[in-house]
Amino acid sequence: ERLVQLQRCMRSVQETGGPWSHGPQEDSLGAILSLMAAVLTECDLHCHSQALGAMAKRLNVAVGREGEKDLLLFLQSITPPLERLHPKDCAEIYRLGIKEDGIYTIQPDLHGPALEAKCDMEAVGGGWTVIQARHDGSEDFNRTWEEYRQGFGSPLGEHWLGNAALYALTATGQHQLRIELEDWHQQKRHATYSNFRVASEMQFRLTAKEFSGDAGNALSYSKRYNHDGRFFSTSDRDNDRYTAGNCGQYYGAGWWFDACLAANLNGHYYRGRYSGVTNGIYWGTWYILTDGRTGERYSFKRVEMKTR
């Protein structure tokens, strides 16, 4: 009905010259845009109303002064803001009084789609959004840049939430990263970073500072192996600092590689000890890289990354 009424108003303006005539071109543009604005603001569509007349004058001034830029700002100012259909993250769900672990629908990006996420509502105060989980090797983590950007797997099992979601989750406010590790002897340790962020849609740069925990700070291991501040890399998108090759390709994973690693929680899932390239699930400040006696490496049984 509103669109039909808009058409009638347009015909009326074209036939009569309209009530706000300042010359044919200005009037036509002002009339069209003011009627658009009327639809956006849901004001009454009476062709000769004072509200529309005032709106047309404002639009004509905007167009005449700075052109499209001012016009866009004006339209934004009269358009109601988008409303988030779902909570942004698990912390928001927790604040609503829902304190049971489970899979919930969240919407990290106001302009993006909703997604399913695993929420840890019990660990250290609850409200954690799980961004990565490994526990049985059922999911292949040797994926492309686009797959890591979009996310893969299921929050019911092994998965990566997605770099685009990580960027949206941590874009505003201060966030923590908690990493939980378990070896094949039921020993558990953790690492927490009180300043965590994944920035830039282009390269998903990692910030992981202010460490605490008993697993050691493998993300800031040494000058050569420092994951904090590094860009995300995959086998098909080389953003690392290893000039002689591609860390993502060599180790078969997507990660914030340096030149190349002191940690790689997206490595291949081995059942404990393995030989060859150090491409397992690795955290260099808990287990040493190589057993000096046997030459074997060690890969973890379970790892979970979560943010709040």
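Predicted model, so just to flag it, every value in this text is computed and none were measured.

Novice: Lay out the pairing of strand β3 (residues 128-134) in plain terms, naming residues and giving numbers.
Specialist: Across the 7 residues of β3, 7 count as buried, placing the element largely inside the fold. One ladder, built from 5 bridges, connects β3 with strand β13 (residues 302-307); its direction is antiparallel. Counted as the bridge partner of A133 is E304 from β13. As judged from the 2 bridges shared by β3 and strand β5 (residues 159-160), these two strands associate in the antiparallel manner. Each bridged residue has a counterpart across the sheet, and for A133 the counterpart in β5 is H159.

Novice: So what's going on with the packing of aromatic side chains? Which residues, and what values?
Specialist: For any pair of aromatic rings, the description consists of the separation of the ring centres together with the inter-plane angle of the planes. This model, assessed by the stated rule, comprises 17 aromatic pairs. Considering the side-chain rings of W145 and F204, the 5.6 Å spacing of their centres and the 35 degrees angle between planes classify their relative orientation as tilted. Separated by 59 residues along the polypeptide, W145 in helix α6 (residues 145-150) and F204 in the loop between β7 (188-199) and β8 (205-213) bring together distant segments of the chain. Assigned by exposure class, W145 and F204 land together as buried. Ring centres 4.9 Å apart and planes at 85 degrees place the aromatic pair Y250 and Y251 in the edge-to-face group. Within the aromatic cluster, the residues linked to one another by ring pairs are F141, W145, Y148, F152, W160, F204, F232, W255 and W256. Between R134 and the ring centre of F141, over which it is positioned, the NZ or CZ distance is 3.9 Å.

Novice: Please set out the state of the cysteines residue by residue, giving values where relevant.
Specialist: If you walk through the whole model with that rule in mind, you get 2 disulfides. Here C90 is linked by a disulfide to C119, with a sulfur-sulfur distance of 1.9 Å. One disulfide, between C90 and C119, carries an S-S torsion of -75 degrees and so falls in the left-handed class. Here C90 is found in helix α5 (residues 90-95), whereas its partner C119 is found in strand β2 (residues 115-120), with 29 residues between them in sequence. The disulfide partner of C247 is C260, and the S-S distance across this bridge is 1.9 Å. Of note, the bridge from C247 to C260 carries an S-S torsion of about -85 degrees and is left-handed in sense. Here the residue C247 occupies a position in helix α8 (residues 247-251), and C260 occupies one in the loop between α8 and β9 (263-264), the gap between them amounting to 13 residues. Each member of the pair C247 and C260 is classed as buried.

Novice: Which residues make up the nonpolar core, and what values do they have?
Specialist: Ranked by internal contacts, the top residues of the largest apolar core, which has 48 residues, are I179 and W283. The element contributing the most residues to this core is β7, with 4 residues.

Novice: Now, about helix α7 (residues 163-170): what can you tell me, with residues and values included?
Specialist: Where burial is concerned, most of α7 is hidden: 6 out of the 8 residues are buried. Within the sequence span of α7, burial applies to N163, A165, L166, A168, L169 and T170.

Novice: Which residues make up the pattern of salt bridges, and what values go with them?
Specialist: Applying the stated rule across the entire model yields 15 salt bridges. Between E146 and R149 there is a salt bridge whose closest N-O contact spans 3.2 Å. Residue E146 and its partner R149 are located together in helix α6, separated by 3 residues, close to a single helical turn. Accessibility expressed as a relative area gives 24% for R149, which makes it partly exposed. Within this structure, K118, D120, R178, E180, E182, R302, E304 and K306 form a network of salt bridges that share partners.

So, how was this worked out
Residues numbered from 1 in each chain as written. Predicted model: local features only at pLDDT ≥ 70, side-chain atom pairs only at ≥ 80, totals over all residues. Heavy atoms only, no water. Buried < 20%, exposed > 50% of the residue type's maximum accessible area, 1.4 Å probe, protein only. Helix = DSSP H or I, 4+ residues; strand = E, 2+ residues; numbered from the N terminus. Pairing = 2+ DSSP bridges. Phe/Tyr/Trp six-rings, centres within 6.5 Å; stacked < 30°, edge-to-face > 60°. Lys NZ or Arg CZ within 6 Å of the ring centre and 35° of its normal. Disulfide = S-S within 2.5 Å. Core = buried A, V, L, I, M, F, W, Y, C linked by side-chain atoms within 4.5 Å. Salt bridge = Lys/Arg side-chain N within 4 Å of Asp/Glu carboxyl O.

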